[in-house]
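One letter stands for each residue in the lines below.
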Amino acid sequence: YTWPAVWKACQNLLDVKKDFAWINRIFELTIKSGSVNELLFNNMRGFLPPQYLQKKLKTKEDVHQLTVHDLPPEWTCNVKIRRKRKGNRKSHPPRQTNAFQNARSKAQTK
């Protein structure tokens, strides 16, 4: 949780225009650490100007439409990222444990 806290502090304490050199340095350290996960990417998108992220990502796409899966692998190499969901597939119900299944079958046989 360190990097999200750093970015939240930046958002609360720094001015994007006046403190740009600091913000750029923190950005470079963050991506170099490979620690950009969903939470951190959301914090960064909420604070940094979209044009800045577009330039860093070398894209013209709306950065608010991007996900962590669209980031360069070196930005996310040290974090676990949830897999992309495919299409509109509904999620599966939670798997039942063997203990639950055993109790259920015993109840049905009585």
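Predicted, not measured: the structure shown is a model, and the values here were computed from it.

Visitor: Is there a simple way to think about the confidence of the model for the chain in this case?
Guide: When the pLDDT values of the chain are averaged, the result is 83; 75% of them are 70 or greater. Confidence drops under a pLDDT of 50 for residues 88–94, and excluding neighbours within four residues, the segment shows zero contacts in the predicted structure.

Visitor: Honestly, the environment of Phe27 in this entry has me stumped. Any pointers?
Guide: By the secondary structure assignment, Phe27 is in helix α2 (residues 20–33). Overall, the relative accessible area of 0% leaves Phe27 in the buried class. Placed 24 residues apart in sequence, Phe27 and Trp3 show a C-alpha to C-alpha distance of 9.9 Å. The residues contacting Phe27, other than those within four sequence positions of it, are Trp7, Met44, Leu48, Tyr52, Leu53, Lys56 and Trp75.

Visitor: Can you help me understand the nonpolar core in this one?
Guide: One recurring pattern in soluble globular proteins: nonpolar side chains tend to sit buried together. Core analysis: the biggest nonpolar cluster contains 20 residues, and Trp7, Phe27, Val36, Met44, Leu48, Leu71 and Trp75 have the highest contact counts within it. Non-local contacts of Trp75, meaning those with residues more than four positions away in its chain, are made with Phe27, Ile31, Gly34, Ser35, Val36, Lys56 and Leu57.

Visitor: It is not clear to me how the environment of Val36 should be interpreted in this structure. Could you clarify?
Guide: Its place among the elements puts Val36 in the loop between α2 and α3 (38–47). What makes Val36 buried here is its relative accessible area of 0%. Ignoring anything within four residues of it in the chain, the contact list for Val36 reads Thr30, Ile31, Phe41, Met44, Val68, Leu71, Trp75, Thr76, Val79 and Ile81.

Visitor: Would you mind showing me how to read unusual backbone geometry here?
Guide: Glycine aside, the phi torsion of most residues is negative, and most peptide linkages are trans. Backbone geometry places Lys58, a non-glycine residue, at a positive phi of 55°. On the secondary structure map, Lys58 appears in the loop between α4 (50–57) and α5 (73–76). Using a relative accessible area of 76% as the deciding quantity, one classes Lys58 as exposed.

Visitor: I tried to follow α4 on my own but got confused; where do I start?
Guide: Given 3.6 residues per turn, any residue in an α-helix points the same way as the ones three and four places further on. Burial in α4 covers these residues: Tyr52, Leu53 and Leu57. End-on view of α4: buried residues confined to an arc of 125°, all on one side of the axis. Of the exposed residues in α4, those oriented more than 90 degrees away from the buried face are Gln51 and Lys55. On its buried face, α4 is in contact with α2, α3 and α5. One or two steps after α4, the chain reaches Lys58, where phi turns positive at roughly 55°.

What counts, and at which threshold
- Residues numbered from 1 in each chain as written.
- Predicted model: local features only at pLDDT ≥ 70, side-chain atom pairs only at ≥ 80, totals over all residues.
- Heavy atoms only, no water.
- pLDDT = per-residue confidence, 0-100.
- Contact = heavy atoms within 4.5 Å.
- Helix = DSSP H or I, 4+ residues; strand = E, 2+ residues; numbered from the N terminus.
- Buried < 20%, exposed > 50% of the residue type's maximum accessible area, 1.4 Å probe, protein only.
- Core = buried A, V, L, I, M, F, W, Y, C linked by side-chain atoms within 4.5 Å.
- Arc of directions from axis to C-beta.

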